[in-house]
Amino acid sequence: MAAAKEILIRRAVAATIRLTVPAGAARPAPPVGPALGQYRLNLLAFCKDFNARTQKYKPDTPMSVMITAFKDNSFEFTVKSPSVSWYIKKAAGVDKGSARPGHLTVTTLSVRHVYEIAKVKQTDPFCQYMPLESICKSIIGTANSMGIKIVKDLE
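Residues numbered from 1 in each chain as written. Predicted model: local features only at pLDDT ≥ 70, side-chain atom pairs only at ≥ 80, totals over all residues. Heavy atoms only, no water.

Named according to an unreviewed UniProt entry, the protein chain is Large ribosomal subunit protein uL11m originating from Cardamine amara subsp. amara. In UniProt, the protein chain has this text filed under Sequence similarities (unreviewed entry): "Belongs to the universal ribosomal protein uL11 family." (UniProt positions renumbered as here; feature names shortened; annotations may be inferred.)

Asks: Is there a simple way to explain the sheet that holds strand S3 (residues 75–80) in this structure?
Replies: Pairing between the strands of a sheet is mediated by backbone hydrogen bonds and can be parallel or antiparallel. An order of S1-S2-S3 is seen for the three strands of this open sheet, with the pairing classed as antiparallel. Only two strands of the sheet have a single partner each, and these edge strands are strand S1 (13–22) and S3. Adjacent strand axes in the sheet meet at a mean angle of 20 degrees when their direction is disregarded. Summarising the sheet, S1 and strand S2 (residues 62–70) pair through nine bridges and their orientation is antiparallel. Bridge pairing in S2 places Ala-15 opposite Ala-69. Strands in contact with helix H3 (residues 43–53) are S1, S2 and S3; relative to S3, the strand with the most contacts, it is inclined by about 30 degrees. (Pairing = 2+ DSSP bridges. Helix = DSSP H or I, 4+ residues; strand = E, 2+ residues; numbered from the N terminus. Axes fitted to C-alpha atoms, helices over the stretch in contact; angles between N-to-C directions. Contact = heavy atoms within 4.5 Å.)

Asks: Please explain the environment of Val-65 as it appears in this structure.
Replies: For Val-65, the position within the fold is in strand S2. For Val-65, a relative accessible area of 1% corresponds to the buried category. For the pair formed by Val-65 and Met-130, sequence separation is 65 residues and the distance between their alpha carbons is 20 Å. Aside from chain neighbours lying at most four places away, what touches Val-65 is Ile-17, Arg-18, Leu-19, Val-21, Phe-46, Phe-50, Phe-77 and Thr-78. (Buried < 20%, exposed > 50% of the residue type's maximum accessible area, 1.4 Å probe, protein only.)

Asks: Please clarify how the UniProt feature "domain: Large ribosomal subunit protein uL11 N-terminal" (unreviewed entry) in the protein chain should be interpreted in this entry.
Replies: UniProt's feature table lists "domain: Large ribosomal subunit protein uL11 N-terminal" (unreviewed entry) at residues 17–75, given in the numbering used throughout. In the segment residues 17–75, helix accounts for 29% and strand for 27%; the C-alpha atoms at its two ends are 10 Å apart.

Asks: Just to check I follow, could you spell out H3 for this structure?
Replies: An α-helical turn contains 3.6 residues, so any two residues separated by three or four positions project in the same direction. Turning to H3, its buried residues number three or more, namely Phe-46, Cys-47 and Phe-50. Around the axis of H3, the buried residues are gathered within 95 degrees of arc, so they sit on the same side. In H3, the exposed residues that point more than 90 degrees away from the buried face are Leu-44 and Lys-48. Those residues of H3 hidden inside the fold are in contact with S1, helix H2 (32–37), S2 and S3. The N-terminus of H3 is capped by Asn-42, whose side-chain oxygen sits 3.3 Å from the backbone nitrogen of Leu-44. (Arc of directions from axis to C-beta. Polar contact = N/O pair within 3.5 Å; in protein donor to acceptor, adjacent residues only side chain to side chain.)

Asks: I would appreciate a short explanation of unusual backbone geometry in the present structure.
Replies: For the peptide bond that leads from Pro-30 to Pro-31, omega is 5 degrees, which places it in the cis range. Inspection of the secondary structure assignment puts Pro-31 in the loop between S1 and H2. Despite not being glycine, Asp-60 shows a phi value in the positive range, around 65 degrees. By the secondary structure assignment, Asp-60 is in the loop between H3 and S2.

Below, the structure written as structure tokens:
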């Protein structure tokens, strides 16, 4: 019965907007303002809701947001955790990866770092049903493509 009601009250989608906004720092200025303003969405409501949801993260952590704008000028949004490459760079203490990955190794990370990043990424809405081992393999592949070597233990 509930499924039938949801089908009847389904709203028409105007657009799906993807943004990267610093945690706790959403303001009605660029890039948020122009992206939401062209669909006549309430900027202040989005900024307040986003800042409330991301207050547990450190300031200036880049958060990926997917906003669904409806024809009646309402919206819904989901906040994803920061990208794997951002976590890897923070754990390794580097600003950017290697210019020649596979040839030049920038630094090393331990498997423990990979495991901790995977545990954080598993809370993501799109990764919550993936096994932890698969997420770890994906993180190792990302680290290799950045020129960061994964070792069993750091010396």
